[in-house]
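Now for the letters of each chain:
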Amino acid sequence: MALDKNGIAKRIAREVADGMYVNLGIGIPTLVANFIPEGMDVVLQSENGLLGMGPFPIEGEEDADLINAGKQTITTLPGSVFFDSAMSFGMIRARKVDLTILGAMEVSENGDIANWKIPGKMVKGMGGAMDLVASAKNIIVAMQHCDKAGNSKLMPACGLPLTGVKCVKKIVTDLAVLEVRDGAFHLLERAPGVSVEEIISKTSGKLIINGEIPEVSI
Amino acid sequence: MPIYKVVKNAEEACLGISDGMTLMIGGFGLCGIPENSIAQLVKNGVKNLTCISNNAGVDDFGLGLLLQNRQIKKMISSYVGENAEFERQMLSGELEVELVPQGTLATRCMAAGYGMPVIYTPAGVGTEVAEGKEVRNFNGKDYLMEYAFDADYAIVKAWKGDTMGNLVFRATARNFNPLMAMAGKITIAEVEELVEPGELDPNMIHTPGIYVHRIFKGENYEKRIEQRTVRQ
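So, a few notes on the structure that sits alongside this text. (Residues numbered from 1 in each chain as written. Chains lettered and ligands numbered in written order. Predicted model: local features only at pLDDT ≥ 70, side-chain atom pairs only at ≥ 80, totals over all residues. Heavy atoms only, no water.)

1. Points about the overall build of chain B
Next up, step 1: Along the backbone of chain B there are 6 helices and 11 strands.
Next up, step 2: Overall size of chain B, expressed as C-alpha extent along the three principal axes, is 50 × 50 × 45 Å.
Next up, step 3: In chain B, which comprises 232 residues, the share counted as buried stands at 56%.
Next up, step 4: In chain B, 71% of the contacts between residues at least 6 apart in sequence involve partners at least 24 apart.
Next up, step 5: Only carbon and sulfur atoms are counted for the fraction: they give 49% of the accessible area of chain B, which is about 9,900 Å².
Next up, step 6: The averaged location of the 29 negative side-chain charges in chain B is 2 Å from the averaged location of its 23 positive side-chain charges. (Helix = DSSP H or I, 4+ residues; strand = E, 2+ residues; numbered from the N terminus. Buried < 20%, exposed > 50% of the residue type's maximum accessible area, 1.4 Å probe, protein only. Contact = heavy atoms within 4.5 Å. Areas by Shrake-Rupley, 256 points an atom, 1.4 Å probe, with all protein chains shown as cover. Lys, Arg positive; Asp, Glu negative; His and termini not counted. Charge placed at Lys NZ, Arg CZ, Asp CG, Glu CD.)

Below is the structure:
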């Protein structure tokens, strides 16, 4: 069975280690926060200017001055700190943020990512995505393996306008966990009950399979 | 003569802003936007503005109010998704839009305030953002050269300020505000609380008043929330 959104988020949460500073993008990446194990100390960065992002406020305690990069009302935690947007991207550019998790429309076998623009459709902008992918130490992409028409999103080269080049390190999809290196996708794990053959047929970029591929355990 | 930067209200603060000027407007989404000054610009009816602001407001609030009134010629932003009128004007060609990565936008403001003509950033290397820009390699990594912004006026919103123009921001309403405050040829700050010199702890001031030319106490802040989310 393919992983659902929570399954993808749960699997990515296993990549998060104690003491990390992590930036979570909008969508599935946001869900990762729900699966960080109790007792693990992780500081979430919100690129509008906050380290130490807490959960949503309880009703009645929303603060218009306190939002995350998705413009949602949030809270702080003990040790939280605010800063301006230049410092926020300064710490990203200077590689102080350990892990960036974001969504994608396409990823290529050499780690290029496209996630901001579809020609002919309304262009909303790249926000902070280009800054994040250009500088992050470690980038994990959370996405569906195929688009709605069934076309592979893991491609030899991206067809859509790029957000960044040669930057994605790992991908967790509904079907598989893959590492991106040396110009190829390396299959690490498969979703429960999903065959290697299915992953091969749904990956259009270069795919390397070494030995037995274990199922994702979450 | 003591340094005294207080003006009466938004009307006095916005004197001199005229057609065709380039303005920086602080805020992230609707968080930390200079509500009083935007309302004043709508009232003044100045046109053909170039606005540097991370976002473009929503249809009936923030910079959306200036868009509705067709006062903006060009937007320089990183993300503009929440505004139907914006989309209509952009698709019809009435509105020019330059999309800039968010960190580049912030740092181009910062560079202006630090007196530096350019920055080098890796954001956008290998993408269409890099088209026509100088690329330089430092220590094995490519960087784009991006220019400091040049704005006639910067308009920011702070939480507290004193009569000398020193500013303190609150929570994530800080965002672009201190950067833009440093970057305008003339900087206007509207504040929720205006106090006397000495009332703000010098250790806690975010923007030194030297960067601020006009300050006033804003009124009737709506502080609209764009995405109200609560714990289940």
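2. A word on the side chain of A:S152
Residue and element names in this part refer to chain A.
Next up, step 1: Along the chain, S152 turns up in the loop between β8 (139–142) and β9 (154–155).
Next up, step 2: Residue S152 is classed as buried on the basis of its relative accessible area of 15%.
Next up, step 3: Side-chain polar atoms of S152 contact the backbone oxygen of L154, separated by 3.1 Å.
Next up, step 4: Here the side chain of S152 touches S204 through a polar contact of 3.1 Å, landing on its backbone nitrogen. (Polar contact = N/O pair within 3.5 Å; in protein donor to acceptor, adjacent residues only side chain to side chain.)

3. As for the layout of surface pockets
Residues and elements named next belong to chain A.
Next up, step 1: Each pocket or cavity is described by its volume, and for the second largest pocket that value is around 290 Å³.
Next up, step 2: The leading source of residues in the lining of the second largest pocket is helix α4 (residues 129–135), at 3 residues.
Next up, step 3: Here the lining of the second largest pocket is built from residues that sort into 7 nonpolar, 5 polar and 6 charged. (1 Å grid on protein atoms, 1.4 Å probe; cavity = no way out; pocket = protein on both sides within 12 Å on 5 of 7 lines; lining within 4 Å. Points joined across faces, edges and corners; volume = space filled by probe spheres on them. Nonpolar A, V, L, I, M, F, W, Y, C, P; charged D, E, K, R; others polar.)

4. Let's talk about the sheet that holds β9(A)
Residues and elements named next belong to chain A.
Next up, step 1: Taken together, the 3 strands give an open sheet; going across it, the order is β7-β6-β9, and neighbouring strands pair in mixed fashion. At either end of the open sheet lies a strand with only one pairing partner, and these are β7 (113–114) and β9.
Next up, step 2: Pairing analysis gives 2 bridges linking strand β6 (residues 106–108) to β7, with the strands arranged antiparallel. Note that in β7 the partner of V107 across the bridge is I113. (Pairing = 2+ DSSP bridges.)

5. Quick notes on the sheet that holds strand β11 (residues 176–181) of chain A
Whenever strands of a sheet pair, they do so through backbone hydrogen bonds, lying parallel or antiparallel.
Residues and elements named next belong to chain A.
Next up, step 1: Spatially, the 10 strands line up as an open sheet ordered β4-β3-β2-β1-β5-β8-β10-β11-β12-β13, and their pairing is mixed. Because the sheet does not close on itself, it has two edges, and the strands there are β4 (76–82) and β13 (207–208).
Next up, step 2: Inspection of the sheet shows strand β1 (residues 21–24) paired to strand β2 (residues 43–46) by 3 bridges, in the parallel sense. Its bridge partner lying in β2, Y21 is registered against V43.

6. As for the interface of chain B and chain A
Next up, step 1: Every contact between the two is made by 49 residues of chain B and, on the other side, 48 residues of chain A.
Next up, step 2: Together, the buried faces of chain B and chain A total about 4,000 Å²; carbon and sulfur atoms form 60% of this surface.
Next up, step 3: By the criterion of area lost to chain A, the three top residues of chain B are B:T172, B:T229 and B:R231, representing 16% of everything that side buries.
Next up, step 4: If you look at where chain B meets chain A, you find 5 salt bridges.
Next up, step 5: Counting every contact that joins chain B to chain A gives 27 residue pairs in polar contact (both at pLDDT 80 or more).
Next up, step 6: A per-element tally of the side of chain B that touches chain A places helix α5 (residues 102–113) of chain B first, with 6 residues. (Buried area = accessible area lost by both parts, 1.4 Å probe. Salt bridge = Lys/Arg side-chain N within 4 Å of Asp/Glu carboxyl O.)

7. Side note on the packing of aromatic side chains
Residue and element names in this part refer to chain B.
Next up, step 1: The tally for this structure, following the rule as stated, stands at 2 aromatic pairs over all chains.
Next up, step 2: When the centroid spacing of 5.1 Å and the interplanar angle of 75° are considered together, the rings of Y120 and F138 count as edge-to-face. Of this pair, Y120 sits in strand β5 (residues 118–121) while F138 sits in strand β6 (residues 135–138), and the two are 18 residues apart along the sequence.
Next up, step 3: Its relative accessible area of 26% is what places Y120 among the partly exposed residues.
Next up, step 4: Ring geometry for F138 versus Y143: centroids 5.6 Å apart, planes at 70°, classification edge-to-face.
Next up, step 5: Within the aromatic cluster, the residues linked to one another by ring pairs are Y120, F138 and Y143.
Next up, step 6: For the cation-ring pair, R108 lies above F149, with the distance from its terminal atom to the ring centre recorded as 3.9 Å.
Next up, step 7: The ring of W159 has K160 sitting right over it, with the charged end atom 4.4 Å from the ring centre. (Phe/Tyr/Trp six-rings, centres within 6.5 Å; stacked < 30°, edge-to-face > 60°. Lys NZ or Arg CZ within 6 Å of the ring centre and 35° of its normal.)

8. Here we look at empty space enclosed by the protein
Next up, step 1: Under the criterion given, the structure shown has 5 cavities of 30 Å³ or more.
Next up, step 2: Approximately 60 Å³ is the volume attributed to the largest cavity.
Next up, step 3: Forming the walls of the largest cavity are A:A64, A:D65, B:L30, B:C31, B:G32, B:I33, B:E35, B:K157, B:Y221 and B:K223.
Next up, step 4: Looking at the lining of the largest cavity, its residues break down into 5 nonpolar, 1 polar and 4 charged.

9. Considerations on helix α1 (residues 5–13) of chain A
Next up, step 1: Every buried residue belonging to α1(A) is among A:G7, A:I8, A:A9, A:R11, A:I12 and A:A13, and all of these are buried.
Next up, step 2: Against α2 (28–32), β5 (99–103), β8, β10 (170–172), β11 and β12 (184–190) of chain A lie the buried residues of α1(A).

10. Some details on unusual backbone geometry
Glycine aside, a negative phi is what most residues show, and trans is what most peptide bonds show.
Residue and element names in this part refer to chain B.
Next up, step 1: Phi is positive for N220, which is not a glycine, with a value near 50°.
Next up, step 2: Within the fold, N220 resides in the segment after β11 (214–217).
Next up, step 3: Look at N220 and you get exposed, because its relative accessible area is 74%.
Next up, step 4: Of note in the backbone geometry, K223 takes a positive phi value of approximately 45° without being a glycine.
Next up, step 5: With respect to the helices, strands and loops of the structure, K223 is situated in the segment after β11.

11. Here we look at the pairing of β5(B)
All names here are of chain B.
Next up, step 1: Of the two faces of β5, the one lined by I119 and T121 is fully buried and the one lined by V118 and Y120 carries no buried residue.
Next up, step 2: In terms of strand pairing, β5 meets strand β7 (residues 141–147) through 4 bridges, oriented antiparallel. In the sheet register, I119 faces β7, and the bridge partner there is E146.

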